[in-house]
Amino acid sequence: MRRILCVEDEDAIREVIALNLRMAGYEVAEAGSAERALELLNSDNTGFDCAILDIMLPGMNGFSLCESIRRDSATIGIIMLSAKAQESDKINGLAIGADDYMTKPFSVSELMARVEALCRRVNRAAPEHQGDSRLVSGAFILDQKSRILYKNGEPIDLTQVEFQIMELFFANPGIAMVRDKILEGVWGENYFGDVKIVDVNIRRLRMKIEDEPSNPQHILTVWGYGYRWNA
Ligand code: CA
């Protein structure tokens, strides 16, 4: 059974989310604060597939919680709930390692769809790959079994979303990829959000794989279009 951690201090909202998740067949752990969430994470040895984190929380906020969770796990799926529609909030959340975000008020069915999509991706983290699971592109190796990227033999931890973007690049070397195609390939055809989520993830990937992220040599920008992989 897939396990979800739901962190939200407003009881009514948290209860609605948890109820809907349980009806959809998930096991749910609820926390009203980041501190409580960390207790749950530390005392739990089974692990969670996904976490839903509200940003505005009493005490430690959702951004810090997200960072803390990411330090321990590159693979858990993270969706941020933002009360403010300001772009900076969303970008912040994604820059520190969230996979997706939703702005309140949101539709519960849309949240359910996103949780489902994210869990599917996370579940691919332990795939039963047949044959060779290592893809090579220049100095980079993408190990599909361990979901780790290597650059000159050095491992680089990627989130599931980042890993899938790299898979797309490896499959399309030297080809200019329009942002909508990347969005569709990684987030799925029914994604409701906008393509800026692609740019944020690309920025994060560059921080991880480029020697000079401001002067990228591998993930090149194709102005007004998208990105091109250059091994
Ligand atoms: Ca809140």
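The structure this text deals with has already been given above.
Going along each chain's sequence as written, the residues are numbered from 1 onward. pLDDT decides what is reported in this predicted model: residues at 70 or higher carry local features, side-chain atom pairs at 80 or more are listed and counted, and totals for whole chains, interfaces and linings draw on all residues regardless. Heavy atoms from the whole structure form the basis of all side-chain values; hydrogens and water molecules are not counted.

In this section: helix H6 (residues 160-171). Every α-helical turn comprises 3.6 residues, leaving residues that sit three or four positions apart pointing alike. Taking 1.5 Å per residue, twelve residues should reach 16 Å; H6 reaches 17 Å between its end C-alpha atoms and fits that length. Partly exposed describes any residue whose relative accessible area lies between the buried limit of under 20% and the exposed limit of over 50%, with all areas from a 1.4 Å probe on protein chains only and scaled to the type maximum. Here a strand is any run of E in DSSP of at least two residues, a helix any run of H or I of at least four, and the numbering for each starts at the N terminus. Counting buried residues along H6, eleven of its twelve residues qualify, which places the element largely inside the surrounding structure. Within H6, burial applies to Gln160, Val161, Glu162, Phe163, Gln164, Ile165, Met166, Glu167, Leu168, Phe169 and Phe170. For a helix, the expected span equals 1.5 Å multiplied by the number of residues minus one.

For the rest of this paragraph, the subject is the coordination of the calcium ion. Sodium, potassium and calcium take a 3.2 Å donor cutoff, other metals 2.8 Å, and in both cases only N, O and S atoms count; water is not among them, so sites may look incomplete. Of the protein atoms, only Asp9 (OD), Asp54 (OD) and Met56 (O) coordinate the calcium ion, at distances of 2.1 to 2.3 Å. Given a relative accessible area of 30%, aspartate 9 falls into the partly exposed group.

Now for the sheet that holds strand S9 (residues 154-156). Two strands form a pair only when DSSP identifies at least two bridges running between them. Judged by pairing direction, the sheet is antiparallel, and its four strands sit side by side in the order S6-S7-S8-S9 without closing on themselves. Each of the sheet's edge strands pairs with one partner strand only, and the pair in question is strand S6 (134-137) and S9. For this sheet the average axis-to-axis angle between neighbouring strands, irrespective of direction, equals 25°. Note on contacts: a residue pair qualifies if any of its non-hydrogen atoms lie within 4.5 Å across the two residues. Axes, fitted as lines to C-alpha atoms, cover a helix only where it is in contact. Angles between the N-to-C directions of the axes lie from 0 to 180 degrees. Contacts from H6 reach S6, strand S7 (140-143) and strand S8 (148-151) within the one sheet, and its direction differs from that of S7 by about 120°.

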